[in-house]
Amino acid sequence: MLVLVAPGQGAQTPGFLTPWLELPGAADRVAAWSDAIGLDLAHYGTQADADAIRDTSVAQPLLVAAGILSASALGAIADIAPGAVAGHSVGEITAASFAGVLDDTAALILVRKRGLAMADAAAITETGMSALLGGDPEVSVAHLEKLGLTPANVNGAGQIVAAGTLEQLAALNDDKPEGVRKVVPLKVAGAFHTHHMAPAVDALAKAAADLTPADPTVTYVSNKDGRAVATGAEVLERLVGQVANPVRWDLCMETFKELGATALIEVSPGGTLVGLAKRALPGVTTLALKTPDDLDAARELIAEHSA
């Protein structure tokens, strides 16, 4: 059984969209999405520097556009036939597109509004996120709460992401939980999936009210709790609340295991979720779509493992 997953913010790197735009029809699709959301995706995906694409309002639509573009290069979702789809953080909107809950343009419009709302919320207080590598999850979570930080991403495979104010993160750097090898600041511009994002929830709820979601055509696994969600209305409700709720990618991977996953493909800019799966899902074949050079290998994997 094949799982198709989409990465979250921080996976973007300068120029990562360049090779994908060389595929037939890709530049025209990206231009149409850019017009729809008022953001030059091609510029940011090919020419902008790391600081420019770290901007939340830019990074989020760029990631969703890249995910949709790279997956469509493999064919229609019906042809890929994944047994399940899921996304990490903003990648859930990409996954909602895969599952047919939102069409491509609606997904881009929603993520643009999400990015702007979260950027506005992040501007209220200087906040950020850092990954903890190693350590016992229960010990780390208790330590984070003692410092006033939130375990915003529980990613499994020994990784938790802490979120909070810059002062709190500085304290964490000086006072790591027992067993944690390293604290790594992430390329994000705020404490996402925490109470700091509460203003963005209200803005996103208003944006979602204009959408008419369809029910998922494939199993959609939510990173709120790793549960499969059956209706488009609930998917959309979870996409709204998710910006201020922790991401439980560990529970998503548990669900992949229960569903009988044998292969996992991560769409562009792939790598992060494949790294987690390699540690948490032994025996599952993984592939990251980094460039179009990976498409042939991905098609072979689809032929072997899709439903």
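Now for a description of the structure that goes with this document.

**Thoughts on the nonpolar core**
Of all hydrophobic cores here, the largest spans 77 residues; its most connected members are Leu 41, Leu 108, Tyr 220, Leu 239, Ile 265 and Leu 289. In contact with Leu 289, not counting residues within four places along its chain, are Trp 20, Ser 70, Leu 74, Ile 265, Glu 266, Val 267, Ser 268, Pro 269, Gly 270, Asp 294, Leu 295 and Ala 298. Within the second largest apolar cluster, 21 residues are counted, among which are Met 1, Val 5, Phe 256 and Leu 273.

**Some remarks on unusual backbone geometry**
In this structure, Pro 269 follows Ser 268 across a cis peptide bond, with omega equal to -5°. Checked against the element boundaries, Pro 269 lands in the loop between β9 (263–266) and α13 (272–280). Positive phi is not limited to glycine here, since Ala 81 has a value of about 50°. Its place among the elements puts Ala 81 in the loop between α5 (77–80) and β2 (84–87).

**Section: the environment of Ala 261**
Within the secondary structure layout, Ala 261 lies in the loop between α12 (249–259) and β9. Placed 45 residues apart in sequence, Ala 261 and Ser 306 show a C-alpha to C-alpha distance of 9.8 Å. Among all residues touching Ala 261, those that are not within four sequence positions of it are Met 1, Val 3, Phe 256 and Val 284.

**Concerning the sheet that holds strand β3 (residues 127–134)**
Here four strands make up an open sheet; going across it, the order is β4-β5-β3-β6 and the pairing antiparallel. Here the strands that pair on one side only, and so sit at the sheet edges, are β4 (150–156) and β6 (180–185). Each adjacent strand pair in this sheet contributes to an overall mean axis angle of 25°, direction not counted. In terms of strand pairing, β3 meets strand β5 (residues 159–165) through seven bridges, oriented antiparallel. Note on β5: the bridge partner recorded for Ala 131 is Val 161. Of the strands in this sheet, β3, β5 and β6 are in contact with helix α9 (residues 166–174), which crosses β5 at around 135°.

**With respect to helix α6 (residues 91–98)**
Most of α6 is tucked away, with eight of its eight residues classed as buried. Gly 100, located one to two residues past α6, shows a positive phi value of around 80°.

**Considering the sheet that holds strand β1 (residues 2–6)**
Pairing within the open sheet is mixed, and its six strands lie in the order β8-β7-β2-β1-β9-β10. Since the sheet does not close on itself, it has two edges, and those belong to β8 (228–229) and β10 (285–288), each with one partner. Pairing between strand β7 (residues 219–221) and β8: two bridges, direction antiparallel. Paired with Val 221 across the two strands is Ala 228, which belongs to β8.

Rules used in this analysis
- Throughout, residues of each chain are indexed from 1 in the direction in which the sequence is written.
- The predicted origin of the model limits local features to residues at a pLDDT of at least 70 and limits the giving and counting of side-chain atom pairs to 80 or more, whereas totals for whole chains, interfaces and linings rest on all residues.
- Side-chain figures throughout are based on the complete set of non-hydrogen atoms in the structure, without hydrogens or water.
- Among the buried residues, those of types Ala, Val, Leu, Ile, Met, Phe, Trp, Tyr and Cys that are joined through side-chain atoms within 4.5 Å form a nonpolar core.
- Whether a residue is buried, partly exposed or exposed follows from its accessible area with a 1.4 Å probe, protein chains only, as a fraction of its type maximum: under 20%, in between, or over 50%, in that order.
- Here a residue-residue contact requires only that any non-hydrogen atoms of the pair lie within 4.5 Å.
- Counting from the N terminus, the helices are DSSP H or I runs at least four residues long and the strands are E runs at least two residues long.
- Two strands pair if DSSP finds at least two bridges between them.
- The axes used here are C-alpha line fits, helices contributing only the stretch in contact, and every angle between their N-to-C directions lies in the interval 0 to 180 degrees.

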